[in-house]
Amino acid sequence: MLDFVQQLVSGVALGCVYGLIALGFVLVYKATEVVNFAQGDLMMLGGFFAFTFIGMMGLNYWVGFAGAVAAMALFGMLAERVVVRPILGYPQFSIIMATIGLGYFLRSIAGMIWGTDDLKIETPFSQGVLRIGSLVLAYDKLSVIAATMILCTLLWLFFNKTTLGTAMRASSENMLAAYYMGIPVKRVVSIVWAISAAVATCAGVLLAPITFIHSNVGLVLGLKAFPAAVLGGFGSIPGAVVGGVLIGVIESMAGFYLPEGWKDVAPYLVLLAVLLLKPEGLFGHHVRKKV
């Protein structure tokens, strides 16, 4: 039973990281109907920025964390302006290839600047453990879960209780109608990309105590976060986080209880099973088209 609880906590912590990356996929898709396949690489770049501020420059953890989030928010706006906006309106395949190319570019730049070695960020939660009887839970994993809950709450308040958040939701529902209502759609889309990059950075920094940061970590985790977004219902913000947690828990349990090799396969098998029964995902809305 203790092993089960420890694997469950580990899976939820890893799933929270998947969920935050998936959240970035969903935010950009809802605002622009563009699938940003560089989302995982934005997480990787944010992790390297945090390592630079905290590990190399010696800044306080929280100052370095905030600096990395701010830097990546600006980078997200720049990426939208330079890479995506000029080709909006072109076939979706063109935009998808542009985001894939952006991901390759970011991985190459990260390799040239920070090298190919695995890097780790020391956090205030790296060493301690919580003991409940015989159960031992690491603070780094609990901190990831707590930070994800706080971040999701802040995003919910932003999108539902602020004027800018309401404008973003309006733009995601109908961009043309929002434009006619006087909402600065281009600015809103830039801010969505900034938020998406900032959330990805949070995922990268939270991931650092659990695993290492390297130039290919964004590609690996992005390939797991994208199914999490699909599982939760592509377009559903709560679904992205729930889907990520489910993928993380399934992966953790499969790695512990099933033979070697099932860890990476099991989440995709569950995804296929869910999509066969509920093609729109767990939280997606089914749209029935008339023929």
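Rules behind the numbers
- Residues numbered from 1 in each chain as written.
- Predicted model: local features only at pLDDT ≥ 70, side-chain atom pairs only at ≥ 80, totals over all residues.
- Heavy atoms only, no water.
- Helix = DSSP H or I, 4+ residues; strand = E, 2+ residues; numbered from the N terminus.
- Rg over C-alpha atoms; globule rule 2.2 N^0.38 Å.
- Buried < 20%, exposed > 50% of the residue type's maximum accessible area, 1.4 Å probe, protein only.
- Contact = heavy atoms within 4.5 Å.
- Areas by Shrake-Rupley, 256 points an atom, 1.4 Å probe, with all protein chains shown as cover.
- Lys, Arg positive; Asp, Glu negative; His and termini not counted.
- Charge placed at Lys NZ, Arg CZ, Asp CG, Glu CD.
- UniProt positions renumbered as here; feature names shortened; annotations may be inferred.
- Pairing = 2+ DSSP bridges.
- Expected span 1.5 Å × (residues − 1).
- Axes fitted to C-alpha atoms, helices over the stretch in contact; angles between N-to-C directions.
- Parallel < 35°, antiparallel > 145°, perpendicular 65-115°, else oblique.
- Left-handed = near helix turned anticlockwise from the far one by under 90°.
- Nonpolar A, V, L, I, M, F, W, Y, C, P; charged D, E, K, R; others polar.
- Arc of directions from axis to C-beta.

Novice: Now, about the overall build of the protein: what can you tell me, with residues and values included?
Specialist: Scanning the protein for helices and strands turns up eleven helices and two strands. Scanning the protein from its N terminus toward the C terminus, one meets helices and strands in the order α-α-α-α-β-β-α-α-α-α-α-α-α. Against the globule reference of 19 Å for 291 residues, the protein gives a C-alpha radius of gyration of 19 Å, in line with a compact fold. Each principal axis of the C-alpha distribution contributes one length, and for the protein these read about 60 × 50 × 35 Å. Taking all 291 residues of the protein together, 46% fall into the buried category. In the protein, of all internal contacts separated by at least 6 residues, the share reaching a separation of at least 24 is 73%. Carbon and sulfur atoms make up 68% of the accessible area of the protein, which totals about 14,600 Å². Of the side-chain charges in the protein, 17 are positive and 13 negative, and the distance between the mean point of each set is 13 Å.

Novice: How would you summarise the UniProt feature "transmembrane region" (unreviewed entry) in the protein if you had to cite specific residues and measurements?
Specialist: According to UniProt, the "transmembrane region" (unreviewed entry) feature falls on residues 12–29, 41–59, 95–116, 136–159, 191–213 and 225–250. The annotated region residues 191–213 carries 74% helix and 0% strand content, and the separation between its end C-alpha atoms amounts to 26 Å. What you have in residues 225–250 is 85% helix and 0% strand, and the ends, taken at the C-alpha atoms, are 13 Å apart.

Novice: Please provide a residue-by-residue account of the pairing of strand E1 (residues 129–132), values included.
Specialist: Strand direction decides the pairing type here: E1 and strand E2 (residues 135–138), joined by four bridges, are antiparallel. What sits directly across from Arg 131, in E2, is Val 136. Counting the residues in the hairpin turn of E1 and E2 gives two residues, including Gly 133, whose phi is positive at 65 degrees.

Novice: Which residues make up helix H10 (residues 237–257), and what are the values?
Specialist: Between its first and last C-alpha, H10 extends 31 Å over 21 residues, near the 30 Å set by a 1.5 Å rise per residue. Taken residue by residue, H10 has Gly 239, Ala 240, Val 241, Gly 243, Gly 244, Ile 247, Gly 248, Val 249, Glu 251, Ser 252, Met 253 and Ala 254 as its buried positions. On its buried side, H10 packs onto helix H1 (2–32), helix H5 (139–161), helix H9 (217–232) and helix H11 (262–277).

Novice: Now, about the packing of helix H2 (residues 39–56) against H9: what can you tell me, with residues and values included?
Specialist: As a packed pair, H2 and H9 sit with axes 7 Å apart at the nearest point and diverge in direction by 135 degrees. The angle between the axes of H2 and H9 places the two elements in the oblique class. In this structure, H2 crosses over H9, and the sense of that crossing is right-handed. Facing H2, whose interface residues are Gly 40, Asp 41, Met 43 and Met 44, H9 presents Val 217, Gly 218, Leu 219, Leu 221 and Gly 222. In terms of residue class, the contact of H2 with H9 is made up of five nonpolar, three polar and one charged.

Novice: An account of helix H6 (residues 163–173) is needed here, citing residue identities and associated values.
Specialist: When H6 is considered as a whole, its buried residues turn out to be Gly 165, Ala 167, Met 168 and Ser 171. Mapping the buried residues of H6 onto a view down its axis gives an arc of 160 degrees, with all of them on the same face. Relative to its buried face, H6 has exposed residues pointing more than 90 degrees away, namely Thr 163 and Glu 173. Packing partners of the buried residues in H6 comprise H1, H5, helix H7 (175–180) and helix H8 (185–207).

Novice: Before we move on, can you summarise the packing of H1 against H5 with the specific residues and values?
Specialist: Between H1 and H5, the least distance of the axes is 8 Å, while the angle of their chain directions is 30 degrees. Looking at the two axes, H1 sits roughly parallel to H5. The hand of the H1/H5 crossing is left-handed. Here Val 9, Ser 10, Val 12, Ala 13, Cys 16, Val 17, Leu 20, Leu 23 and Leu 27 of H1 come into contact with H5, specifically with Lys 141, Leu 142, Val 144, Ile 145, Thr 148, Leu 151, Leu 155 and Phe 159. In terms of residue class, the contact of H1 with H5 is made up of 14 nonpolar, two polar and one charged.

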